[in-house]
Amino acid sequence: TKVAPAPAGPEAEDETDRAVRSASQYNNAAYETGTLLRRNVWSMLRNPVLTIARVAQNLMTAILVGLLYLQIDSDQSSASDRLGLLFFLSIAAAWTTAVIIVQIFPAERAVFLKEHSG
């Protein structure tokens with residue numbers, strides 16, 4: 001029996017190849033990051049009051065921290081003050097992110113479950 005040569009070009013691509021290529025495209029980390037970024041931007045545009053509140057919260061935190069550590073000297077005795085500043089900033093950043101996630105997750109729960117149900 002003779003085996004016919006496989007066609008070249010787009011005709012050679014069968015259904016399985018297209019499914020594998022499609023699945024790998026959607027599992028790409030850059031694609032997922034872009035999708036989440038677009039979703040976040042649209043969420044910010046839909047709710048400008050929340051966006052303004054977040055910007056105001058970050059500005060107030062920055063001003064407060066700046067005022068607290070305005071008079072820090074650059075000698076060895078103020079090293080513990082600078083370490084306290086770094087600790088305070090890292091904890092504030094972590095808690096700000098955690099609070100945002102806790103507020104957003106209930107609203108996005110349905111989308112999350114739909115996407116991960118398979």
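Quick caveat, the model's predicted, so the values are computed rather than measured.

Chemist: Sorry if this is basic, but what is going on with the overall build of the protein chain here?
Modeler: Each helix and strand in the protein chain was counted, giving four helices and zero strands. Each helix (α) and strand (β) of the protein chain, taken in turn from the N terminus, gives the series α-α-α-α. A total of 118 residues make up the protein chain; the buried ones form 3% of that total. Summed over its atoms, the accessible surface of the protein chain is roughly 10,200 Å², and 66% of this surface lies on carbon and sulfur atoms.

Chemist: I tried to follow the packing of helix α3 (residues 48–68) against helix α4 (residues 79–116) on my own but got confused; where do I start?
Modeler: Axis angle and axis distance: for two packed helices, these are the angle between their axes and the distance between the axes, and together they describe the pair. Here α3 crosses α4 at 165 degrees, and the two axes come no closer than 12 Å. Judged by the inter-axis angle, α3 sits roughly antiparallel to α4. Pair α3 / α4 crosses with right-handed handedness. Here Arg54, Gln57, Asn58 and Val65 of α3 lie close against α4, whose contacting residues are Leu85, Phe88, Leu89, Thr96, Ile100 and Ile104. Residue composition of the contact of α3 with α4, by class: six nonpolar, three polar and one charged.

Chemist: Mind showing me how you'd approach empty space enclosed by the protein here?
Modeler: Empty space among the atoms becomes visible once a probe the size of a water molecule is rolled across them. Per the counting criterion, the structure on display carries one cavity of 30 Å³ or more. A volume near 30 Å³ is recorded for the largest cavity. Along its surface, the largest cavity is lined by Ser43, Met44, Asn47, Leu50, Thr51 and Arg54. Put simply, the parts of the chain that give the lining of the largest cavity at least two residues each are α2 (29–46) and α3. Sort the elements by how many residues they give to the lining of the largest cavity and α3 lands first, with three residues. Considering only residue class, the lining of the largest cavity consists of two nonpolar, three polar and one charged.

Chemist: Explain the layout of surface pockets to me, please; I cannot follow it from the model alone.
Modeler: As a volume, the largest pocket reaches approximately 700 Å³. Lining the largest pocket are 18 residues, with Leu36, Arg39, Ile104, Phe105 and Glu108 positioned closest to its centre. Within the residue set of the lining of the largest pocket, elements represented by two or more residues are α2, α3 and α4.

Chemist: What exactly am I supposed to notice about α4 here?
Modeler: Three- or four-residue spacings in an α-helix give side chains the same orientation, since the helix completes a turn every 3.6 residues. When the terminal C-alpha atoms of α4 are compared, their 48 Å separation across 38 residues is substantially less than the 56 Å that a helix rising 1.5 Å per residue should span. Within α4, the axis deviates most sharply at Glu108, by approximately 60 degrees.

Cut-off values and rules
- Residues numbered from 1 in each chain as written.
- Predicted model: local features only at pLDDT ≥ 70, side-chain atom pairs only at ≥ 80, totals over all residues.
- Heavy atoms only, no water.
- Helix = DSSP H or I, 4+ residues; strand = E, 2+ residues; numbered from the N terminus.
- Buried < 20%, exposed > 50% of the residue type's maximum accessible area, 1.4 Å probe, protein only.
- Areas by Shrake-Rupley, 256 points an atom, 1.4 Å probe, with all protein chains shown as cover.
- Axes fitted to C-alpha atoms, helices over the stretch in contact; angles between N-to-C directions.
- Parallel < 35°, antiparallel > 145°, perpendicular 65-115°, else oblique.
- Left-handed = near helix turned anticlockwise from the far one by under 90°.
- Contact = heavy atoms within 4.5 Å.
- Nonpolar A, V, L, I, M, F, W, Y, C, P; charged D, E, K, R; others polar.
- 1 Å grid on protein atoms, 1.4 Å probe; cavity = no way out; pocket = protein on both sides within 12 Å on 5 of 7 lines; lining within 4 Å.
- Points joined across faces, edges and corners; volume = space filled by probe spheres on them.
- Expected span 1.5 Å × (residues − 1).
- Bend = angle between axes of the 7 residues up to and from the residue.

Just geometry here; none of it tells us what the structure is for.
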